[in-house]
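Listed below, chain by chain, are the residues.
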Amino acid sequence: MHYSGSVYRPPSEAYSLIVQVTLGCSHNKCAFCNMYKDKQFSIVDIEQVMGDLAWARERYSRIERIFLADGDALILPMEHLLRILHYIRENIPECTRVTTYASPKSILRKTPEELRALYEAGLSMGYLGLETGNEALLQKINKGVTVTQQIEAAQKLKASGMKLSVTAINGLGGTEDWESHAVDTAKALSAMRADYIALLTLRIYTGTPMAEWVREGKLTQPNPMELIRETRLLLSEIDSPGAVFRSNHASNYLVLAGTLNQDRRALIEKCDAALQGDVALRKYVELGR
């Protein structure tokens with residue numbers, strides 16, 4: 001297998017075969033992100049990709065899940081994607097799931113017919129980074145798309161038959177804009193109707209524009225209790241029946257897991273237990289785990 005530079009994957013792909021079909025991120029300009037700074041975006045030669053798949057097939061008796069890396073494999077030409085997916089279907093028949101990060105721009109560039117063809121060929125889910133549903137904040141972090149485009153892309157991917165997993169970042173607005181970030185993100189997530197919603201927590205990475213904002217006093221990082229308060233507000237505003245909600249990333253202070261909307265009250269009550277002084281839970285949160 002060929003791997004170049006740092007390789008990232010969603011937490012749920014921990015046991016998947018990771019195949020690099022692109023290097024880096026096609027956008028790679030988000031103010032909070034330090035991923036893929038060690039490489040320039042490029043498309044991996046298709047023959048190398050096919051060789052990697054053949055190599056894995058020879059060495060592993062069972063490959064049940066495959067994640068197409070790096071930051072946005074969906075940007076590949078259709079002929080590349082279909083060739084990869086057809087090989088997996090024909091030569092790795094036990095594989096039940098093929099997934100990839102999917103940027104809003106790459107989704108919108110594909111026609112509904114093309115997305116449907118990818119789904120029928122075996123691409124089962126895309127991971128989309130919403131980050132925030134607040135228009136001003138989305139532009140500030142230089143995501144490169146509008147909230148409307150994010151929602152359109154999510155709905156377009158869902159219409160193809162693929163499952164949709166969306167991430168948002170708790171604390172992204174700092175203490176200054178936490179309410180508008182939480183409320184608007186809940187609205188956007190409600191419109192997207194994702195199958196999975198993952199709430200991460202803002203981390204500040206050296207060398208990013210956001211690190212400079214913090215240093216200059218333009219952004220104040222919320223403390224753990226302020227983050228839980230923000231999560232509670234988002235949960236109280238969201239309307240996404242059937243979506244599996246997770247806040248169990250390594251970055252999160254409070255682990256939450258449930259299915260919306262049926263478990264929303266229980267999730268909010270767990271937030272309240274921390275905010276209102278449940279001693280054991282509050283200590284757990286303040287320690288960061």
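Keep in mind that what you see is a predicted model, and the values were worked out from it rather than measured.

J.: Quick question: what am I supposed to make of the packing of helix 9 (residues 224-237) against helix 10 (residues 264-275) here?
T.: For any two helices packed against each other, one specifies the crossing angle of their axes together with the interaxial distance. It is the contact of helix 9 with helix 10, at a shortest axis distance of 9 Å, that shows an interaxial angle of 160°. As summarised for this structure, helix 9 and helix 10 are arranged roughly antiparallel, according to the angle between their axes. The two elements helix 9 and helix 10 cross, and the hand of that crossing is left-handed. Residues Met225, Ile228, Arg229, Thr231, Arg232, Leu235 and Ser236 of helix 9 form the contact with helix 10, whose participating residues are Arg264, Arg265, Leu267, Ile268, Cys271, Asp272, Ala274 and Leu275. Class assignment of the residues belonging to the contact of helix 9 with helix 10 gives a composition of eight nonpolar, two polar and five charged.

J.: What am I meant to see in unusual backbone geometry here?
T.: Only a minority of non-glycine residues have a phi that is not negative, and only a minority of peptide bonds are not trans. Residue Asp70 is bonded to the preceding Ala69 through a cis peptide linkage, with omega at 10°. Considering the arrangement of structural elements, one finds Asp70 in the loop between strand 4 (65-69) and helix 2 (78-91). A cis amide bond links Leu260 with the next residue in sequence, Asn261, at an omega value of -5°. Assignment of secondary structure puts Asn261 in the loop between strand 10 (256-259) and helix 10. One non-glycine residue, Arg193, lies in the positive phi region at around 55°. By the secondary structure assignment, Arg193 is in the loop between helix 7 (178-192) and strand 8 (196-201). Overall, the relative accessible area of 36% leaves Arg193 in the partly exposed class.

J.: Any chance you could explain the nonpolar core here in plain terms?
T.: Counting 79 residues, the largest nonpolar core has Phe32, Leu53, Ile66, Ile84 and Phe245 as its most contacted members. Excluding residues that lie within four positions of it along the chain, Ile66 makes contacts with Ser16, Leu17, Val19, Leu53, Ile88, Ile92, Cys95, Arg97, Val98 and Thr99. Membership of the second largest hydrophobic core comes to seven residues, among which are Tyr36, Phe67, Tyr101 and Tyr127.

J.: What's the story with helix 2 in this structure? I'm lost.
T.: Since the α-helix advances by 3.6 residues per turn, residues separated by three or four positions end up pointing in the same direction. End to end, helix 2 covers 20 Å across 14 residues, agreeing with the expected 20 Å (1.5 Å per residue, within 8%). Within helix 2 the residues assigned to the buried category are Met78, Leu81, Ile84, Leu85, Tyr87 and Ile88. In this structure, the buried residues of helix 2 make contact with helix 1 (46-59), strand 4, strand 5 (97-101), helix 4 (112-121) and strand 6 (123-131).

J.: I'm lost on the packing of aromatic side chains in this one. Help?
T.: The relative placement of two aromatic rings is captured by the distance of their centres and the angle of their planes. Under the definition given, this model contains five aromatic pairs. Residues Phe67 and Tyr101 carry aromatic rings whose centres are separated by 5.2 Å and whose planes lie at 85° to one another, so their mutual orientation is edge-to-face. With Phe67 in strand 4 and Tyr101 in strand 5, this residue pair connects regions lying 34 residues apart in the sequence. As far as the burial class goes, Phe67 and Tyr101 line up, both buried. With centroids separated by 6.2 Å and ring planes inclined at 70°, the aromatic side chains of Tyr101 and Tyr127 adopt a geometry described as edge-to-face.

What counts and how
- Once a new chain begins, its residue numbering starts again from 1 and follows that chain's sequence as written.
- pLDDT decides what is reported in this predicted model: residues at 70 or higher carry local features, side-chain atom pairs at 80 or more are listed and counted, and totals for whole chains, interfaces and linings draw on all residues regardless.
- Calculated side-chain values reflect all of the structure's heavy atoms, with hydrogen atoms and water omitted.
- Axis geometry follows a simple rule: fit a line to the C-alpha atoms, using only the stretch in contact for helices, then measure angles between N-to-C directions, giving values from 0 to 180 degrees.
- Each helix is a run of DSSP H or I of at least 4 residues and each strand a run of E of at least 2, with the numbering of both proceeding from the N terminus.
- Relative orientations are named as follows: roughly parallel for angles under 35 degrees, roughly antiparallel for angles over 145 degrees, roughly perpendicular for angles from 65 to 115 degrees, and oblique for any other angle.
- Put simply, a crossing is left-handed when the front helix is turned counterclockwise from the back one by less than a right angle, and right-handed when it is turned clockwise.
- We call two residues in contact whenever any of their non-hydrogen atoms come within 4.5 Å of each other.
- Here the nonpolar group is Ala, Val, Leu, Ile, Met, Phe, Trp, Tyr, Cys and Pro; Asp, Glu, Lys and Arg are the charged ones; every other residue, Gly included, is treated as polar.
- Working definition: with a 1.4 Å probe on protein chains only, accessible area under 20% of the residue-type maximum means buried, over 50% means exposed, and in between means partly exposed.
- Among buried residues, those of type Ala, Val, Leu, Ile, Met, Phe, Trp, Tyr and Cys that are joined through side-chain atoms within 4.5 Å constitute a nonpolar core.
- By this rule the span expected of a helix is its residue count minus one, scaled by 1.5 Å.
- Two rings belonging to Phe, Tyr or Trp (six-membered ring only in the last case) form a pair when the distance between their centres is within 6.5 Å. Interplanar angles under 30 degrees mark stacking, angles over 60 mark edge-to-face geometry, and anything in between is tilted.

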